[in-house]
Amino acid sequence: MDDPGWISILPPIVAITLVILTRKVVLSLGAGVLSAAAIVAGFNPIETLRLTWEAFLQIFWDEGALNTYYIYILVFTLTLGMITALILMSGGSQAFSDWAMTKIKTRRGAQGLGAGLGMAIFIDDYFNALAVGQVTRPVTDRHRVARAKLAYLIDSTSAPVAVLAPFSSWGASIIGIMSPVIAASALAVSDVEAFLGAAATNYYAMAAILTIILVVALQVDFGPMRTEERRAIEDGHPYEPGQEIPGELTEDLPVHEPGAKRSLIVPFVALVLGVLGGIIWTGYSGGDPRSWAPLDILANTDVTEALLYGGALGFGTALYYYARYTSENPKFGWGTLGKGLLEGLKSMLPAVYILLLAWALGSLISQLGTGEFLGGLVEDAGISPQWLVPVMFIVAAVMAFSTGTSWGSFGILIPIAGDIMNSLGATEQLLPALGAVLAGAVFGDHCSPISDTTILSSTGAACNVITHVTTQLPYALIGALAALLAYCALAVTGSVLVGFLTLVVVVAIVLVVIRRMSPALTDERVAARTGG
């Protein structure tokens, strides 16, 4: 179908609306895929089926070769499920939880562990989303922290930190996208300096991080999140019973006693080192072999291949500790090992199904030209340069929310923003405009139920996807409001610092007011419920 115009935004609206109304993610994404294929096919039923089949086939086979990008993510996701099962059966999860309970004595501390690890492991958002939850979940469960809160902590620390750091898989790739824009401008700065300048005006990422810190410190729970947290405290259920939970083992597997916390810690460290080593190796081998510059390595790295290396090393280490601690226990034979690995795989299947549908929908939306349509609206708006910055934030957010990908927004809007500002000679507005695109894309991605990072964060925390979306949304909106007001302050004053201070003040005031209206769900209530 030629130039679908407004109808190009219909499939994501269908999928997102159905997700909210039915809370059935697979069904809703399937409807979005079929509607997108039908529009591309001009509503020809045979062509619709062909396009749908091709959209799924391209996930595995594209341009005459295996599509390793998607395949490696799926393999890593399934591998992580098996690692979790091995660690559980070897007693590592229980031992680590018991040990952590002697060191982390409050719900605030348990949440701080998740937020801290989320900020520390910023090298890649996919890896962060899946790995942090595996380590933190036993601790947050014992402290009766809702899985929805853990998913929020993971999701809102991974991408916001990665998008601000030049030494991350995100930073290196964004620098590559921005480089032609900077070269065509009158700015006398290096690519890294330009990235840092854009990061200084990435107000949503800063607001998301500040919100996380204050939410943990002040124990701010409101909206749907408060409902989830109250259930976790009062009933001992970290999620609503009966929900489909990706990443959660459904069978009761035997657990070796006594376990050792090293059987969780060492596989996790091996996983991290394997991924980091893979990033360095693939970046070095894919670029100039004479260069060991960190940015060159990160620009040429294959993160999904690195995930595969880390997954293999983590799995081998977890298998070693399983064999070491269970070899003399008659309950742990080959049959038990096979059952545990199968349960680990099955625990990740809901996430796999959702990812496949989300990727297929994203491919068809790309064919529809949804992103190009939204980008064209910006080019035709005729707005003054300084006010284009907040507009870029809004358009990037809508685009990422609709398409389920922040990277699609980066790829489309960064060149558009650069072209507009360069053509107008608005050099001083170029970096803020690029920062606004990065900010809006991350915000839209956070709010979108069809985003792969939303799905993976839910999987890492073993939380229902729609519960994660609805509980995170109010917190994300606080960050977005603060960011939008910060961009307006920047447009009025021309000062990046004034914009930042505006953001800090807005986030702090809103959260303090909410905290006064909604008393903290305290550790005393947990102790009363558990008899502790």
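Everything that follows concerns the structure shown earlier in this document.
Conventions used here
Throughout this document, residue positions are counted from 1 along each chain, in the order its sequence is written. In keeping with the model being predicted, local features are shown solely for residues with a pLDDT of at least 70 and side-chain atom pairs are shown and tallied solely at 80 or more, while totals for entire chains, interfaces and linings include all residues. Where side-chain values are given, they derive from all heavy atoms of the structure, hydrogens and water being excluded. For Phe, Tyr and Trp, where Trp contributes only its six-membered ring, two rings pair if their centres lie within 6.5 Å, and the inter-plane angle classes them as stacked under 30 degrees, edge-to-face over 60, or tilted in between. To qualify as a helix, a DSSP run of H or I must reach at least 4 residues; to qualify as a strand, a run of E must reach at least 2; elements of each kind are numbered from the N terminus. For each residue, the accessible area found with a 1.4 Å probe, counting protein chains only, is set against the maximum for its type, and the residue is called buried under 20%, exposed over 50%, and partly exposed in between. Note on geometry: axes are lines fitted to C-alpha atoms, helical ones only across the stretch in contact, with angles between N-to-C directions running from 0 to 180 degrees. In this scheme the handedness of a crossing depends on how the near helix is turned from the far one: anticlockwise by less than a right angle means left-handed, clockwise means right-handed. Residues are grouped as follows: Ala, Val, Leu, Ile, Met, Phe, Trp, Tyr, Cys and Pro are nonpolar; Asp, Glu, Lys and Arg are charged; all remaining types, including Gly, are polar. A helix is expected to span 1.5 Å multiplied by its residue count minus one. What we call a nonpolar core is a set of buried Ala, Val, Leu, Ile, Met, Phe, Trp, Tyr and Cys residues that are connected through their side-chain atoms within 4.5 Å. Here a polar contact means two N or O atoms within 3.5 Å. Within protein one must be a hydrogen donor candidate and the other an acceptor candidate, and residues neighboring in sequence count only if both atoms are side-chain atoms.

Draft legend 1. Summary view of the packing of aromatic side chains. Considering all chains together, one arrives at 13 aromatic pairs under this definition. When the centroid spacing of 5.3 Å and the interplanar angle of 55° are considered together, the rings of Y204 and F443 count as tilted. Of this pair, Y204 sits in helix α11 (residues 203-218) while F443 is found in helix α20 (residues 430-447), placing the two residues 239 residues apart along the sequence. This pair shows no difference in class: Y204 is buried, exactly as F443 is. Their ring planes at 15° and their centres at 6.2 Å tell us that F393 and F443 sit as a pair that is stacked. Note that F393 is positioned in helix α18 (residues 385-403) and F443 in helix α20, a separation of 50 residues in sequence.

Draft legend 2. Quick look at the packing of helix α4 (residues 68-89) against helix α16 (residues 334-368). Running from N to C, α4 and α16 cross one another at 145°; their axes reach a closest spacing of 8 Å. Crossing geometry of α4 relative to α16 is assigned as right-handed. Tallied by class, the residues present in the contact of α4 with α16 amount to 18 nonpolar, 6 polar and no charged.

Draft legend 3. Molecular detail of helix α8 (residues 147-164). With 18 residues, α8 should reach 26 Å at 1.5 Å per residue; the first-to-last C-alpha distance of 26 Å fits that figure. Of all 18 residues making up α8, 17 are buried, and the element is well covered by its neighbours.

Draft legend 4. Examining the nonpolar core more closely. Of all hydrophobic cores here, the largest spans 147 residues; its most connected members are F127, Y204, F393, F410, L434 and Y487. It is α16 that contributes the most residues to this core, 15 residues altogether.

Draft legend 5. Region of the structure containing α20. Counted at 1.5 Å a residue, the expected span for α20 with its 18 residues is 26 Å, and the 26 Å between its end C-alpha atoms agrees. Most of α20 sits inside the fold, with 18 of its 18 residues counted as buried.

Draft legend 6. Seen up close, the environment of D302. Structurally, D302 is set in the loop between α14 (294-300) and α15 (303-326). Residue class for D302 comes out partly exposed when judged on its relative accessible area of 26%. In this structure the C-alpha to C-alpha distance between D302 and D62, which are 240 residues apart in sequence, comes to 17 Å. For D302, the side chain forms a polar contact with the side chain of T304, separated by 2.8 Å.

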